[in-house]
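# Coordinate analysis (summary)
Spelled out, the chains give:
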Amino acid sequence: MSKYYLNYLDELESEAIYILREVWAQFQNPVILFSGGKDSILVTHLARKAFYPSKIPFPLLHVDTGHNFPETIQFRDDLTKELGLQLIVGSVQESIDAGRVAEEKGKNATRNALQITTLLDAIESNKIDCAIGGGRRDEEKARAKERFFSHRDDFGQWDPKNQRPELWNLLNGKHFEGEHFRAFPISNWTEMDVWNYIKREDIQIPSLYLAHQREVVWRSNSWIPVSEHLKREENEKIETKRIRFRTLGDITITGGIESEADTLEKIVAEVAAMKQTERGNRSDDKRSETAMEDRKRLGYF
């Protein structure tokens, strides 16, 4: 890795730490949105650096769909225990049981959109005024419309045309009662930056990101893992493939790619040659051209 790139990673790290400290300075009750994916793990690592030698001064918030990879939940619990942090869990299943949302039906059913209500309920009940996320501008075109401090109205909704200017990195977190913000400290990072930084810092990640043998079915141009939640059709053949995941979401909608990348060095090399975005294997993003933006307007991550 070149000296220039190391300096560039240092600049990205410094910017992210500045934003995390601004969140702590301007808000009363912030949380880190933690999914167990690489980006939320990175944000947590950066928060650890930002406030060292003290521990991270805000809790983690996980929206549990009930359709998670078991490896993700185990990683979440182990990391929370290691860091000595409070973990707030919002349950989509509880939202369904309470009649707050309705379960989707059919083979392509997902609980992804149902997370919106659960997340907004958790924000309101815990009086959260800023939720720190791991969104990046290269991840999806709707993500590119976010600011570092992204305003949400008193219904938790996002209007990309109603965001504050951030000239000279001056961040404005002022809001009325009932409103809140999302903060995105790694907004300027790319997938390649994330992996190079994870490699440099030797950050622990779930084994799902590394190539491994897994039972899968071919659906929507990607390998969907077999699980108790998968509604398989008769013509879908279960195969065992050596795959890894570039992004983690619900086990029912997250497609893997065939890969031999079982080390961080190999992942970096593989990502450098990729032509498809990392969310290209997420079936929830294939529902429409504006699927992500539609969810975000309603309060999604």
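Here is a short report on the structure shown in this document. As the structure is a computational prediction, the values presented were derived from the model and not from experiment. (Residues numbered from 1 in each chain as written. Predicted model: local features only at pLDDT ≥ 70, side-chain atom pairs only at ≥ 80, totals over all residues. Heavy atoms only, no water.)

## Remarks on the pattern of salt bridges
Quick reminder of the rule: For this document, the term salt bridge refers to a Lys or Arg side-chain nitrogen within 4 Å of an Asp or Glu carboxyl oxygen. Working definition: helices are DSSP H or I runs of at least four residues, strands are E runs of at least two. Numbering for both runs from the N terminus. Partly exposed residues are those whose accessible area sits between 20% and 50% of the maximum for their type, while under 20% is buried and over 50% is exposed, using a 1.4 Å probe and protein chains only.
Scanning the entire structure with this criterion turns up 20 salt bridges. A salt bridge links K49 to E13; the nearest nitrogen and oxygen atoms lie 2.7 Å apart. A residue pair is termed long-range when its members are at least 10 positions apart, and K49 in helix 2 (residues 38–51) and E13 in helix 1 (residues 3–26) qualify at 36 residues. On the accessibility criterion, E13 (13% relative accessible area) is buried. The salt bridge partner of R200 is E201, with a shortest N-O separation of 3.3 Å. Taking relative accessible area as the criterion, R200 reaches 29% and is therefore assigned partly exposed. Sharing partners across several salt bridges, the network here consists of D10, E13, K49, R200 and E201.

## Comments concerning unusual backbone geometry
Look at the link from Y52 to P53: it is a cis peptide, with omega at 10°. Along the chain, P53 falls in the loop between helix 2 and strand 2 (60–64). You will see that W168, though not glycine, has its phi angle at about 55°, which is positive. With respect to the helices and strands, the residue W168 is situated in the loop between strand 5 (149–152) and strand 6 (180–183). One non-glycine residue, N169, lies in the positive phi region at around 60°. As for its position among the elements, N169 is in the loop between strand 5 and strand 6.

## A closer look at the packing of aromatic side chains
We apply this condition: Aromatic pairing here means that ring centres of Phe, Tyr or Trp (its six-membered ring) are within 6.5 Å. Orientation follows from the plane angle: under 30 degrees is stacked, over 60 is edge-to-face, and everything else is tilted. Geometrically, a charge over a ring is one whose NZ (Lys) or CZ (Arg) sits within 6 Å of the ring centre while staying within 35 degrees of the ring normal.
Scanning the entire structure with this criterion turns up ten aromatic pairs. Taking 5.7 Å as the distance between ring centres and 90° as the angle between the ring planes, the aromatic pair formed by F51 and F58 counts as edge-to-face. One exposure class covers both F51 and F58, and it is buried. Each ring, one from W189 and one from Y197, has its centre 5.2 Å from the other, and the planes form 85°; the classification is edge-to-face. Considered together, W189 and Y197 belong to a single accessibility category, that of buried residues. An aromatic cluster is built from W24, F51 and F58, whose rings are joined through pairwise contacts. The residue whose ring lies beneath R137 is F148, and the NZ or CZ to ring-centre distance is 5.3 Å.

## Here's the deal with the pairing of strand 1 (residues 30–33)
Selection rule: Should DSSP find at least two bridges between two strands, the strands are regarded as paired. Note on handedness: a crossover is taken as right-handed if, strands pointing away from the viewer, the path from the first strand over the helix to the second is clockwise.
Both faces of strand 1 are covered, namely the face carrying P30 and I32 and the face carrying V31 and L33. Pairing of strand 1 with strand 4 (residues 130–132) involves three bridges; the strand directions are parallel. Counted as the bridge partner of V31 is A131 from strand 4. Here strand 1 runs beside strand 2; their pairing, made up of two bridges, is parallel. Its bridge partner lying in strand 2, I32 is registered against L60. Tracing the backbone out of strand 1, into helix 2 and back to the parallel element strand 2 gives a crossover that is right-handed.

## Details of the sheet that holds strand 8 (residues 222–225)
Across the sheet, four strands lie side by side as 8-7-9-10; this open sheet has antiparallel pairing. Two strands close off the open sheet at either side, each with one partner strand: strand 8 and strand 10 (257–258). As paired elements, strand 7 (residues 212–219) and strand 8 share four bridges and run antiparallel to each other. In the sheet register, W218 faces strand 8, and the bridge partner there is W223.

## Overview of the side chain of D250
Note the threshold: By the counting rule applied here, Lys and Arg register as positive and Asp and Glu as negative, while His and the ends of each chain are not counted. Here, two residues are considered to be in contact whenever any of their heavy atoms come within 4.5 Å of each other.
Looking at where D250 falls in the secondary structure, it is placed in the loop between strand 9 (239–244) and strand 10. The charged side chain of D250 is buried without a salt bridge, its nearest counter-charge being R111 at 6.4 Å. Apart from the residues lying within four places of it in its own chain, the contact partners of D250 are T65, H67, F69, T110, R111 and N112.

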